Amino acid sequence: MFLSLWLTSNNQTINEIIKTLANEEKTPIFSSHITLINQINLGKKKESEIKKTLEDLSKSIKPLFPLTLTTKAVEISESFTKTLFITFQPDQKLLEIRKIAQEVLLKNSFSQFNKNFSPHLSLIYKHILQERKIELKEKVSKKLPKRISFNHLLAIKEEKPIEKPEDVKNWEYIKV
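Since the model is a prediction, treat every value here as computed from it, not as a measurement.

Engineer: Any chance you could break down the confidence of the model for the chain for me, citing the residues and the numbers?
Structural biologist: Residues with a pLDDT of 70 or more make up 100% of the chain, whose mean pLDDT is 93. Ranking the helices and strands of the chain by mean pLDDT puts strand β6 (residues 147-150) first, with 98, and helix α5 (residues 165-169) last, with 82.

Engineer: Got a sec to walk through the packing of helix α2 (residues 47-61) against helix α3 (residues 92-107)? Specific residues and values, please.
Structural biologist: Two numbers describe how α2 lies on α3: the axes approach to 10 Å, and their chain directions differ by 150°. Taken together, α2 and α3 sit at an angle that is classed as roughly antiparallel. Two packed elements cross with a definite hand, and for α2 against α3 that hand is right-handed. Together, Thr53, Asp56, Leu57, Ser60 and Ile61 of α2 and Ile97, Ile100, Ala101, Val104, Leu105 and Lys107 of α3 make up the contact between the two elements. For the contact of α2 with α3, the per-class residue count stands at 7 nonpolar, 2 polar and 2 charged.

Engineer: Describe in detail the pairing of strand β7 (residues 152-158), supporting the description with residues and values.
Structural biologist: Of all 7 residues making up β7, 6 are buried, and the element is well covered by its neighbours. One ladder, built from 7 bridges, connects strand β1 (residues 2-8) with β7; its direction is antiparallel. Within β7, the position partnered with Ser4 by the bridge is Ile156. Across 4 bridges, β7 lies against strand β8 (residues 172-175) in antiparallel orientation. By the bridge assignment, Ala155 is partnered in β8 with Ile174.

Engineer: A description of empty space enclosed by the protein should follow, citing residues and the corresponding values.
Structural biologist: Enumeration according to the criterion identifies 1 cavity of 30 Å³ or more in this entry. Estimated volume of the largest cavity: approximately 30 Å³. Residue assignment for the lining of the largest cavity shows that the elements contributing at least two residues are β1 and α2. Along the lines of polarity and charge, the residues of the lining of the largest cavity split into 8 nonpolar, 1 polar and no charged.

Engineer: With reference to specific residues and values, describe the side chain of Asn11.
Structural biologist: You can see Asn11 is positioned in the loop between β1 and α1 (12-25). A polar side-chain atom of Asn11 sits 3.0 Å from the main-chain amide nitrogen of Thr13. A distance of 3.0 Å separates a polar side-chain atom of Asn11 from the backbone nitrogen of Ile14.

Engineer: Just give me the short version of the pairing of strand β3 (residues 67-76), but keep the residues and values in it.
Structural biologist: Strand direction decides the pairing type here: β3 and β6, joined by 4 bridges, are antiparallel. The partner of Thr68 across the bridge, within β6, is Ser149. Both β3 and strand β4 (residues 84-88) contribute to a ladder of 5 bridges, which runs antiparallel. Bridging from a neighbouring strand, Ile76 pairs with Leu84 of β4.

Engineer: Give a detailed account of α1, specifying residues and quantitative values.
Structural biologist: Taking 1.5 Å per residue as the helical rise, α1 with its 14 residues ought to reach 20 Å, and the 20 Å between its terminal C-alpha atoms agrees with that figure. Looking at the buried residues of α1, the elements they touch are β4, β5 (120-124), α4 (130-141) and β6. In the segment just after α1, Lys26 is the residue with positive phi, at about 55°.

Rules behind the numbers
Numbers given to residues run from 1 along each chain, matching the order in which its sequence is written. The predicted origin of the model limits local features to residues at a pLDDT of at least 70 and limits the giving and counting of side-chain atom pairs to 80 or more, whereas totals for whole chains, interfaces and linings rest on all residues. As a convention, hydrogens and water are excluded, and side-chain values are obtained from all of the structure's heavy atoms. Confidence scores here are pLDDT values: one per residue, from the predictor, ranging 0 to 100. Under the scheme used here, helices are H or I runs from DSSP no shorter than 4 residues and strands are E runs no shorter than 2 residues, and both carry numbers assigned from the N terminus. Structural elements are reduced to axes, namely lines fitted to C-alpha atoms, with helices fitted over the stretch in contact, and the angle between N-to-C directions of any two is expressed from 0 to 180 degrees. Here the angle decides the label: under 35 degrees means roughly parallel, over 145 means roughly antiparallel, 65 to 115 means roughly perpendicular, and every other value means oblique. Throughout, a crossing is termed right-handed when the near helix is turned clockwise from the far one, and left-handed when it is turned anticlockwise from it by less than a right angle. Should any heavy atoms of two residues lie within 4.5 Å, those residues are counted as being in contact. Ten residues, namely Ala, Val, Leu, Ile, Met, Phe, Trp, Tyr, Cys and Pro, are considered nonpolar, four, namely Asp, Glu, Lys and Arg, are considered charged, and the remaining ones, Gly among them, are considered polar. Type-normalised accessible area, obtained with a 1.4 Å probe on protein chains alone, sets the label of each residue: buried when under 20%, exposed when over 50%, and partly exposed for intermediate values. Pairing between strands is defined by DSSP: at least two bridges between the two strands are required. The method works on a 1 Å grid over the protein atoms by themselves. A cavity is a set of points holding a 1.4 Å probe that cannot get out, a pocket is an open set with protein on both sides within 12 Å along at least five of seven lines, and residues with an atom within 4 Å of a point line them. Grid points are joined across faces, edges and corners, and a volume is the space filled by probe spheres set on the points. The definition of a polar contact used here is a pair of N or O atoms within 3.5 Å, where within protein one atom must be able to donate a hydrogen and the other to accept one, and adjacent residues in sequence count solely through side-chain atom pairs. A helix's residues, less one, multiplied by 1.5 Å, set its expected span.

Structure, rendered in structure tokens:
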């Protein structure tokens, strides 16, 4: 089992874009978010250890909310989790939140997690033809807000890293 930590947004425009794309492309809807840390290996951790770590994370990170990021562009890629996504201007507060989260994980003996960080907000999880991605990028770019605020930390428990739309349906959302 794995855990991912998300910074979630209540931005209506972005949530509507995700919902519309999911309906048009017949793929699951998910909460708008930036993945702060993913592929946290739970190994044989007890639920009480996971709960304590999430409580520590919440206490450490909540004072830094809200986090408001300036959007940069809508991009496309071949990666399943970055089919169509929003990039952001570099932000020190975001990096500080991530550093604190890593420190809390390490303090609580969660040492196996993805060390790479590429802050983005995915808009759809699906393999799509290149022409369709370009079309969607142009359409979404016109609606892109200049700034997006993130106000909550959410944990996602997953059996394995996401590879296909069906994996989204198996996520267990844990409010932090």
